[in-house]
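# Residue-level structural notes
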Amino acid sequence: MGLIWLAAVAVLAAMLLWWVFPILARIAGFFLIIDSLLAIIFTPAHAIPCKLSWLVLGLLIWLAGHWTSAFKHGIWDSRLALRIFALPGLRLTIPRATLVHIERDTYQ
């Protein structure tokens, strides 16, 4: 019973994480970005060495949430995330499912 129970808990945790991760990652990344920017604005002498790494981490978490959501649903939740992932370095990481949808606005 021990191994079966452990496997069931692991599968349940993975399913819960797959369901909740995109939303939580975008919210947590947003708050990390806002906190870092406010600290850099109000106390630049103390915050710049430390908060820049938190700013980058917040941006990466926010982008990971958007990437996971685009991978799951096949559509981007934010035009800003789409623009960021369209940059030359990140273009290769765009999920294949999002390339299938073509918007009508792009052809004129």
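Here the structure is a predicted model, which is why all the values come from computation and not from measurement.

Take the packing of aromatic side chains next. All chains considered together, the criterion is met by 4 aromatic pairs. Each ring, one from tryptophan 18 and one from phenylalanine 71, has its centre 6.1 Å from the other, and the planes form 90°; the classification is edge-to-face. One end of the pair, tryptophan 18, is in helix H1 (residues 2-42); the other, phenylalanine 71, is in helix H2 (residues 44-73), and 53 residues separate them in sequence. With a centroid separation of 5.3 Å and an interplanar angle of 10°, the aromatic rings of tryptophan 67 and phenylalanine 71 are classed as stacked. Here tryptophan 67 pairs with phenylalanine 71, and both are found in helix H2, just 4 residues apart, close to one helical turn. On the basis of relative accessibility, which here comes to 43%, the residue phenylalanine 71 falls in the partly exposed class. Put simply, the rings of Trp18, Trp67 and Phe71 touch in pairs and so form one group of aromatic residues.

Let us look at the pattern of salt bridges. Applying the stated criterion across every chain yields a total of 2 salt bridges. Residues arginine 26 and aspartate 77 are paired through a salt bridge, measuring 2.9 Å at the closest nitrogen-oxygen approach. Residue arginine 26 is located in helix H1, and its partner aspartate 77 is located in the loop between H2 and helix H3 (79-85); the two are separated by 51 residues in the primary sequence. Since its relative accessible area comes to 42%, aspartate 77 is described here as partly exposed. Between lysine 51 and aspartate 35 there is a salt bridge, with the nearest N and O atoms lying 3.0 Å from each other. Linking lysine 51 in helix H2 with aspartate 35 in helix H1, this pair joins segments that are 16 residues apart in sequence. Among the residues examined, aspartate 35 registers a relative accessible area of 40% and is labelled partly exposed.

Ile33, Trp62, Leu63, Ala70, Trp76, Ala81, Ile84, Phe85 and Ile94 together form the largest nonpolar core, which totals 9 residues. Among the secondary structure elements, those contributing two or more residues to this core are H2 and H3. Beyond its immediate chain neighbours, meaning those up to four positions away, leucine 63 contacts Ile84 and Phe85.

Definitions and limits used
- Residues numbered from 1 in each chain as written.
- Predicted model: local features only at pLDDT ≥ 70, side-chain atom pairs only at ≥ 80, totals over all residues.
- Heavy atoms only, no water.
- Phe/Tyr/Trp six-rings, centres within 6.5 Å; stacked < 30°, edge-to-face > 60°.
- Helix = DSSP H or I, 4+ residues; strand = E, 2+ residues; numbered from the N terminus.
- Buried < 20%, exposed > 50% of the residue type's maximum accessible area, 1.4 Å probe, protein only.
- Salt bridge = Lys/Arg side-chain N within 4 Å of Asp/Glu carboxyl O.
- Core = buried A, V, L, I, M, F, W, Y, C linked by side-chain atoms within 4.5 Å.
- Contact = heavy atoms within 4.5 Å.

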